[in-house]
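Examining the three-dimensional arrangement
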Amino acid sequence: MAERPVLVFDSGIGGLTVLREARVLMPDRRFVYVADDAAFPYGAWDEPALHRHIITLFGQLLQAHDPEVSVIACNTASTLVIDALREAYPGRLFVGTVPAIKPAAERTRSGLVSVLATPGTVKRQYTRDLIREWAAKCHVRLVGSVGLAALAEAYIRDGFVDEDMVRAEIEPCFVERDGRRTDIVVLACTHYPFLVNRMRKTAPWPVDWIDPAEAIARRALSLLGRGEPEDRLANGPDPAIFTSGKADAAIRRVVQGFGLALRD
Ligand code: DGL
């Protein structure tokens, strides 16, 4: 019997940063990529409405694709609904993506850490609890960016991004205090790793940028059963579903570049 796929979910193309790591670790697996672009950006939604929306959408996705594991490759969604998804769909496996505050607190030498995320992720209780639990000894600055996820979408589609806009969005992450400086920036939105080279270029000083994609992929791998390796490409490229049904030629090119085929 064919293995059940791994479903990778995000509000847009950000989850592709997790999919590319997952593919490296699980080259024989089938994936289904779902971008809820009809609802992008999640960062701007109010919590109760987004909560209801994602729980309902997952009812449909689980039924349609019967995944072995669902990877919520979106901090904005995971910090809001990961527990509720597990409760609503018991027996289903979910891997969440939440701000990498613990590794940042372990790695920082200056004790100044910034978390760059959507406004939604920044205001979540889940994020505050992570800081209290793992980074009580650090000074953590939460930076909610209104525009970066959309800039990353535009960059991946069009291949161009205004570096001054990137500079302005990351600037609040850089803190100087008592002769110490921020040395870690947590990329707490899966869209942001697409812009990390631009961030490096426009940063006022060098820092470590933490991208949790590989850790998320490892977690998913650890939950999967050991099926017989399949010829993954025998059934053609893995499907990508964009909930708007309106993905254009640029998106088609992007998903093809990731070895996916747009399914209408
Ligand atoms: N990729 C999503 C995340 O990791 C956020 C983008 C959005 O605002 O929809 O938080």
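Residues numbered from 1 in each chain as written. Predicted model: local features only at pLDDT ≥ 70, side-chain atom pairs only at ≥ 80, totals over all residues. Heavy atoms only, no water.

The protein appears in an unreviewed UniProt entry as Glutamate racemase from Nitratireductor mangrovi. Recorded under Function (unreviewed entry), the UniProt text for the protein is reproduced unchanged: "Provides the (R)-glutamate required for cell wall biosynthesis." Looking at the protein in UniProt, the text filed under Pathway (unreviewed entry) is "Cell wall biogenesis; peptidoglycan biosynthesis." (UniProt positions renumbered as here; feature names shortened; annotations may be inferred.)

1. Considerations on the environment of Val71
Tracing the backbone shows Val71 in strand β3 (residues 69-72). As for Val71 and Ala217, which are separated by 146 residues in sequence, their C-alpha atoms are 8.4 Å apart. If we ignore the near neighbours within four places in the chain, the residues touching Val71 are Val6, Leu7, Val8, Phe9, Val18, Val95, Ile216 and Ala220. (Helix = DSSP H or I, 4+ residues; strand = E, 2+ residues; numbered from the N terminus. Contact = heavy atoms within 4.5 Å.)

2. A look at the site of the ligand
Taken together, 14 residues surround the ligand, and among them Ser11, Tyr42, Thr76, Thr190 and His191 come closest. Asp10 is positioned with one of its side-chain polar atoms (N or O) 3.0 Å from a nitrogen atom of the ligand. Within the backbone of Thr190, one N or O atom sits 2.8 Å away from an oxygen atom of the ligand. Look at the ligand: alone it shows 300 Å² of surface, and the protein chains cover 99% of it. (Near = heavy atom within 4 Å. Polar contact = N/O pair within 3.5 Å; in protein donor to acceptor, adjacent residues only side chain to side chain. Areas by Shrake-Rupley, 256 points an atom, 1.4 Å probe, with all protein chains shown as cover.)

3. Here we look at the pairing of β3
Of the two faces of β3, the one carrying Val69 and Val71 and the one carrying Ser70 and Ile72 are both buried. In the sheet, strand β1 (residues 6-10) pairs with β3 via four bridges, with the strands oriented parallel. Of the residues in β3, the one forming a bridge with Leu7 is Ser70. Sheet topology note: the β3/strand β4 (residues 94-95) ladder contains two bridges and is parallel. Bridge pairing in β4 places Val71 opposite Val95. With respect to chirality, the unit in which β3 leads through helix α3 (residues 75-88) into the neighbouring parallel β4 is right-handed. (Buried < 20%, exposed > 50% of the residue type's maximum accessible area, 1.4 Å probe, protein only. Pairing = 2+ DSSP bridges. Right-handed = clockwise from strand over helix to strand, strands pointing away.)

4. Comments concerning the UniProt feature "active site" (unreviewed entry) in the protein
Look at the UniProt record and you will see "active site" (unreviewed entry) annotated at Cys74 and Cys189. Spanning 116 residues, the named residues form one tight spatial group whose C-alpha atoms are at most 6.4 Å apart. By the element assignment, Cys74 lies in the loop between β3 and α3. Residue Cys74 is classed as buried on the basis of its relative accessible area, which comes to 3%. With near-sequence residues (within four places) excluded, Cys74 lies in contact with Phe9, Asp10, Tyr42, Thr97 and Thr190.

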